[in-house]
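Residue-level structure breakdown
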Amino acid sequence: MTKKERFNLIFPYLQERYGKPKCALDFETSYQLMIAVILSAQCTDARVNIVTKELFKVVKTPEDIHNMDLETLEKYIKSTGFYRNKAKNIKLNAEQVLNEYNGKIPKKMDELVKLAGVGRKTANVVLGEVWGISEGIVVDTHVKRLSKRMGLTKSDNPEIIERELMKIVPKKYWFVFSHYLILYGREVSTAINPKCDICIINKYFNYCEKEKAEKQRKKVAKKK
């Protein structure tokens, strides 16, 4: 089965299951969303929402971060992990947005990724969620795991995974497909103890094919 054939079998089920998914991160402005995604690195969306519930009471624009001292920002975001580095990036990011983009979040990938703390993942989320612009596919830990299990990639490199998925997935589905994989990765095809017994699409997964082959190999070896 080709990668494109796998996608064509899997996508309709995910589309029916999730429809038009809502962003898991809470935000009111495009700037807040960018900050939330930066904070989500090595942290759960649930924890980020707890942190930003308080942070976003006082932070709505880059000016608010500019006027906040570093130690105060660190206290707000400490529980998201790697908070010192995140705080430094967020402060520098605010200066860049204010000085280079007149306080407005740029709408182009090549400009977004120049901002401190912003990689392709963050840029893709902001572009897709705020403006409906698809310049790539969001690759987080769930997308990385599921795209390998589905046999859509063999790579562990997010940039390579993104490029390979972009060749398989029609552009109009780039943003929503990553949403679907994230949701399915949280609910069913989890990192530890995936719920294969309730997964009705794992028959198309390369991961499951390998698991079945390995079980059969062990069964034959045991008989010998």
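Per an unreviewed UniProt entry, the chain carries the name Endonuclease III and comes from Pseudoleptotrichia goodfellowii F0264. Comment text from UniProt for the chain, heading Catalytic activity (unreviewed entry), reads "2'-deoxyribonucleotide-(2'-deoxyribose 5'-phosphate)-2'-deoxyribonucleotide-DNA = a 3'-end 2'-deoxyribonucleotide-(2,3-dehydro-2,3-deoxyribose 5'-phosphate)-DNA + a 5'-end 5'-phospho-2'-deoxyribonucleoside-DNA + H(+)".

In the Ramachandran plot, F82 falls in the positive-phi region, its phi being about 50° despite a non-glycine side chain. Mapped onto the elements of the fold, F82 is located in the loop between α5 (70–77) and α6 (83–100). Not every positive phi belongs to a glycine, and N193 is a case in point at roughly 55°. Secondary-structure assignment places N193 in the loop between α11 (174–187) and α12 (206–223).

What follows covers helix α9 (residues 141–149). For α9, every residue scored as buried is listed here: H142, V143, R145, L146, S147 and R149. Within two residues after α9, G151 carries a phi angle of roughly 80°, on the positive side.

When the parts of a complex come together, some accessible area is lost, and that lost area is often used as the size of the interface. Domain boundaries in the chain define domain 1 (30–131) and domain 2 (138–222). One C-alpha centre belongs to domain 1, the other to domain 2, and the line joining them spans 29 Å. The interface of domain 1 with domain 2 comprises seven residues on the first partner and seven residues on the second. Taken over both partners, the interface formed by domain 1 and domain 2 buries close to 610 Å², and the fraction arising from carbon and sulfur atoms is 54%. Summed over the shared surface of domain 1 and domain 2, the number is two salt bridges.

Bringing the UniProt feature "domain: HhH-GPD" (unreviewed entry) in the chain into the picture now. The positions UniProt marks with the feature "domain: HhH-GPD" (unreviewed entry) are residues 39–187. Taken end to end, residues 39–187 has its terminal C-alpha atoms 22 Å apart, with 62% of it in helix and 0% in strand.

In this section: the environment of L14. With respect to the helices, strands and loops of the structure, L14 is situated in helix α1 (residues 3–18). The spatial distance from the C-alpha of L14 to the C-alpha of Y180 is 6.2 Å, given a sequence separation of 166 residues. Residue contacts for L14: discarding those within four places in its chain leaves G19, M150, F177, Y180, L181, Y184 and I201.

Taken together, K3, K154, R163 and K167 make up a surface patch of like positive charges. Looking at the element boundaries, K167 is found in helix α10 (residues 158–168).

Turning our eyes to something else, we now look at the packing of aromatic side chains. Going through the model one piece at a time under the given rule, you end up with seven aromatic pairs. An angle of 40° between the planes, with centres 4.4 Å apart, marks the rings of F11 and Y173 as tilted. In this pair, F11 is assigned in helix α1 and Y173 in the loop between α10 and α11, connecting sequence segments 162 residues apart. Residue F11 is classed as buried on the basis of its relative accessible area, which comes to 4%. A network of ring pairs unites the aromatic residues F7, F11, Y18, Y173, F177 and Y180 as a single cluster.

Look at helix α2 (residues 30–39) against helix α8 (residues 120–131): their axes get within 10 Å of each other, and the N-to-C directions meet at 145°. Considering the relative orientation of α2 and α8, their crossing is right-handed. Here S30, L33, M34, V37 and I38 of α2 come into contact with α8, specifically with K121, T122, V125, V126, E129, V130 and W131. Here the contact of α2 with α8 is built from residues that sort into eight nonpolar, two polar and two charged.

Conventions adopted
- Residues numbered from 1 in each chain as written.
- Predicted model: local features only at pLDDT ≥ 70, side-chain atom pairs only at ≥ 80, totals over all residues.
- Heavy atoms only, no water.
- UniProt positions renumbered as here; feature names shortened; annotations may be inferred.
- Helix = DSSP H or I, 4+ residues; strand = E, 2+ residues; numbered from the N terminus.
- Buried < 20%, exposed > 50% of the residue type's maximum accessible area, 1.4 Å probe, protein only.
- Domains from an automatic or database assignment.
- Contact = heavy atoms within 4.5 Å.
- Buried area = accessible area lost by both parts, 1.4 Å probe.
- Salt bridge = Lys/Arg side-chain N within 4 Å of Asp/Glu carboxyl O.
- Patch = residues over 30% accessible without salt bridge, like charges linked within 9 Å, V, L, I, M, F, W, Y side chains within 5 Å.
- Areas by Shrake-Rupley, 256 points an atom, 1.4 Å probe, with all protein chains shown as cover.
- Lys, Arg positive; Asp, Glu negative; His and termini not counted.
- Charge placed at Lys NZ, Arg CZ, Asp CG, Glu CD.
- Phe/Tyr/Trp six-rings, centres within 6.5 Å; stacked < 30°, edge-to-face > 60°.
- Axes fitted to C-alpha atoms, helices over the stretch in contact; angles between N-to-C directions.
- Left-handed = near helix turned anticlockwise from the far one by under 90°.
- Nonpolar A, V, L, I, M, F, W, Y, C, P; charged D, E, K, R; others polar.

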